[in-house]
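Read off the chains here:
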Amino acid sequence: MRDLLLTQCCILCASHQGDDLGICRDCLQDLPWHDAQQCPQCAMPSNGLLCGSCLQSTPNYDATYALFRYDYPLDKLLQQYKYRESLHLANMLSALWIRKFGAEKFKPKNLNRKNLNTHQRQRNYQALI
Ligand SMILES: [Zn+2]
Ligand SMILES: [Zn+2]
């Protein structure tokens, strides 16, 4: 009984199998992982080389590390995070991102405020999310 009370429920299926991130193994596997070949610069689906969009207009960033496709249920989780301020989702998503890509890639680069205009600062902020 004590173990049952201390076990965290999965945030997606409400089973009592949630791990330390709050999601059970089955739901974790069913997330829309972005496993397809992708453009190394923008992470949009491609043949693994720079996509046409990046070749045509080079983005102001060097690389994108996309963990998921914007698909169910991730779209709903992001809406909860953004509009209902469900901040615990930030912990879960950032931990999953770090598991896959490593903590060293989680730090934004070139955040020298003197050298960045407002648009560039906003883009780096978005990279943190
Ligand atoms: Zn679940
Ligand atoms: Zn691209």
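Quick caveat: nothing in here was measured; it's all calculated off a predicted structure.

1. A word on the overall build of the protein
(1) Moving on: Across its full length, the protein carries six helices and zero strands.
(2) Moving on: The buried share among the 129 residues of the protein stands at 5%.
(3) Moving on: In the protein, 29% of the contacts between residues at least 6 apart in sequence involve partners at least 24 apart.

2. Section: the environment of R69
(1) Moving on: Following the sequence through the fold, R69 ends up in the loop between helix 3 (52–56) and helix 4 (74–83).
(2) Moving on: Judged by the 16 C-beta atoms lying within 10 Å of it, R69 falls in the partly exposed class.
(3) Moving on: Linking R69 and L31, residues 38 residues apart in sequence, is a C-alpha distance of 8.8 Å.
(4) Moving on: Ignoring any residue separated from it by four or fewer positions in sequence, one finds R69 in contact with P32 and H34.

3. Comments concerning the environment of A90
(1) Moving on: With respect to the helices, strands and loops of the structure, A90 is situated in helix 5 (residues 88–101).
(2) Moving on: For A90, a count of 13 C-beta atoms within 10 Å puts it in the partly exposed group.
(3) Moving on: Remark: the alpha-carbon pair of A90 and L78, spanning 12 residues in sequence, is separated by 8.9 Å.

4. Observations regarding unusual backbone geometry
Trans peptide bonds make up most of the peptide bonds, and negative phi angles are found at most residues other than glycine.
(1) Moving on: With an omega of 0°, the peptide bond running from Y72 to P73 counts as cis.
(2) Moving on: With respect to the element layout, P73 can be found in the loop between helix 3 and helix 4.
(3) Moving on: Look at A14: it is not a glycine, yet its phi comes out positive at around 65°.
(4) Moving on: Relative to the helices and strands, A14 is located in the loop between helix 1 (2–6) and helix 2 (25–30).
(5) Moving on: A positive phi is found at A43, a non-glycine position, where the angle reads about 70°.
(6) Moving on: On the secondary structure map, A43 appears in the loop between helix 2 and helix 3.
(7) Moving on: Looking at A43, the number of C-beta atoms within 10 Å reads 17, which means it is partly exposed.

Basis of the calculations
- Residues numbered from 1 in each chain as written.
- Chains lettered and ligands numbered in written order.
- Predicted model: local features only at pLDDT ≥ 70, side-chain atom pairs only at ≥ 80, totals over all residues.
- Helix = DSSP H or I, 4+ residues; strand = E, 2+ residues; numbered from the N terminus.
- Buried ≥ 20, exposed ≤ 12 C-beta atoms within 10 Å, placed from the backbone.
- Contact = placed C-beta atoms within 7 Å.

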